[in-house]
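Residues per chain are reported as follows:
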Amino acid sequence: MTAVPRAAVIGGGLMGHGIAQVLALAGLEVVVHDPVPEALAAVPQRIAANLETLGIAADVRVALEPELEAAAEGAAWVFEAAPENLALKQEVFQRLDAATPPEAILATNTSVMRVGDIAARAQRRGRIVGTHWWNPPFLVPLVEVVQGPDSEPHAIERTIALLRSLGKTPVHVRRDVAGFVGNRLQHALWREAFDLVDKGVCDAETVDTVVKAGFGRRLAVLGPIENADLVGLDLTLAIHEYVLPQLDPPSAPSSGLRRRVAGGELGMKTGAGFRTWSEREAAAVRESVLDHLAGASNENGASG
Ligand SMILES: NC(=O)c1ccc[n+]([C@@H]2O[C@H](COP(=O)([O-])OP(=O)(O)OC[C@H]3O[C@@H](n4cnc5c(N)ncnc54)[C@H](O)[C@@H]3O)[C@@H](O)[C@H]2O)c1
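Residues numbered from 1 in each chain as written. Predicted model: local features only at pLDDT ≥ 70, side-chain atom pairs only at ≥ 80, totals over all residues. Heavy atoms only, no water.

Glancing now at the site of the ligand. As a matter of local geometry, the ligand sits amid 21 residues, with Met15, Asp34, Glu84, Lys89 and Ser111 nearest to it. One of the side-chain nitrogen or oxygen atoms of Glu84 is found 2.5 Å away from an oxygen atom of the ligand. Here an oxygen atom of the ligand and a side-chain polar atom of Ser111 are 2.6 Å apart. Its residues assigned to classes, the shell around the ligand comprises 11 nonpolar, 7 polar and 3 charged. (Near = heavy atom within 4 Å. Polar contact = N/O pair within 3.5 Å; in protein donor to acceptor, adjacent residues only side chain to side chain. Nonpolar A, V, L, I, M, F, W, Y, C, P; charged D, E, K, R; others polar.)

Next comes the structure, spelled out in structure tokens:
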């Protein structure tokens, strides 16, 4: 292994280019692989555009590699950010397992899939872990480090140490459950949000206003468990006894969600989802999220 650790990023899309940026800014030697030539070629411009938005004047370079095995060769770290498709990820990890030095750590950025399922076709599964970065990876501090059924403790420890050294906030997810912690929480909220709209309790805009003008204001500084302790567990129990039996959470995707997807209403990228979006409105939302995250990152002194 060289003095400067070599990291390979597999998939140079939305997440992959941002993860590559964080690794390269921290001084690792980074190679990005993507089988789609246009996606691979776009990585340096995407990183340059992010740095310009953030006002970072660094000259960040990553190598581009169209072959998976060549990208993985000699890597100490591999971060996979390929499409969310189990068969594809299983094949990628089988090939990475064969192409990397045995001491390399192989990490998947899957949003919800079990690490054990993704590692199923690899031989040396002890070094395969989950690292669930959040979008945009260079602004959101959290990375969930997910322990698969075969992940060795030292692989988890090394991954957490690396992420800390990058200025991230890693957390250890001890059991390999679909959705980990963050997406189980996030999608429980989205499921209820869609269900309220499906049932006609309120419109989509009202759901968003309730969150943004209400409890969402507190969420960045007060987690749900801290909040329960703050208001008191006696009150929390009384609320749960009354309301939980009435929630009847659906165990399948919302009918309104299915109907919109079938009708080509995919959200901002098609101009309509649960709400309608002009290009200007969609751009304004994206910009305000970036501004908010960049402001929070500056306040916390986070470098990720
Ligand atoms: N978008 C998010 O907010 C987000 C957040 C956290 C995790 N994730 C997860 O990160 C992963 C990547 O998501 P994304 O949003 O960056 O997707 P994306 O579509 O922007 O990027 C995926 C990239 O993978 C490339 N690719 C296609 N086939 C490949 C292969 N066989 N091997 C390697 N690369 C291949 C594509 O060309 C594309 O550039 C997914 O598992 C996703 O669930 C996404």
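The discussion continues.
So, on to the pairing of strand E1 (residues 6–10). When you tally the buried positions in E1, you get 5 out of 5 residues, the bulk of the element. Across the two faces of E1 the burial is the same, with Arg6, Ala8 and Ile10 and Ala7 and Val9 all buried. Sheet analysis places E1 next to strand E2 (residues 29–33), joined by 5 bridges and oriented parallel. From the neighbouring strand, Val9 faces E2, where its bridge partner is Val32. Taking the sense of rotation as the criterion, the β-α-β connection linking E1, helix H1 (residues 14–25) and E2 turns out right-handed. (Buried < 20%, exposed > 50% of the residue type's maximum accessible area, 1.4 Å probe, protein only. Helix = DSSP H or I, 4+ residues; strand = E, 2+ residues; numbered from the N terminus. Pairing = 2+ DSSP bridges. Right-handed = clockwise from strand over helix to strand, strands pointing away.)

A separate point is a nonpolar patch on the surface. A contiguous nonpolar patch, built from Leu230, Val231, Leu235, Ile239, Tyr242, Val243 and Leu244 and spanning about 670 Å² of accessible area, is present on the exposed surface. Secondary-structure elements contributing two or more residues to the nonpolar patch are helix H9 (224–231) and helix H10 (233–247). Residue contributions to the nonpolar patch peak at 5 residues, all from H10. Take Leu230: it is sitting in helix H9. (Patch = residues over 30% accessible without salt bridge, like charges linked within 9 Å, V, L, I, M, F, W, Y side chains within 5 Å. Areas by Shrake-Rupley, 256 points an atom, 1.4 Å probe, with all protein chains shown as cover. Salt bridge = Lys/Arg side-chain N within 4 Å of Asp/Glu carboxyl O.)

In short, shape yes, function no, at least from these values alone.
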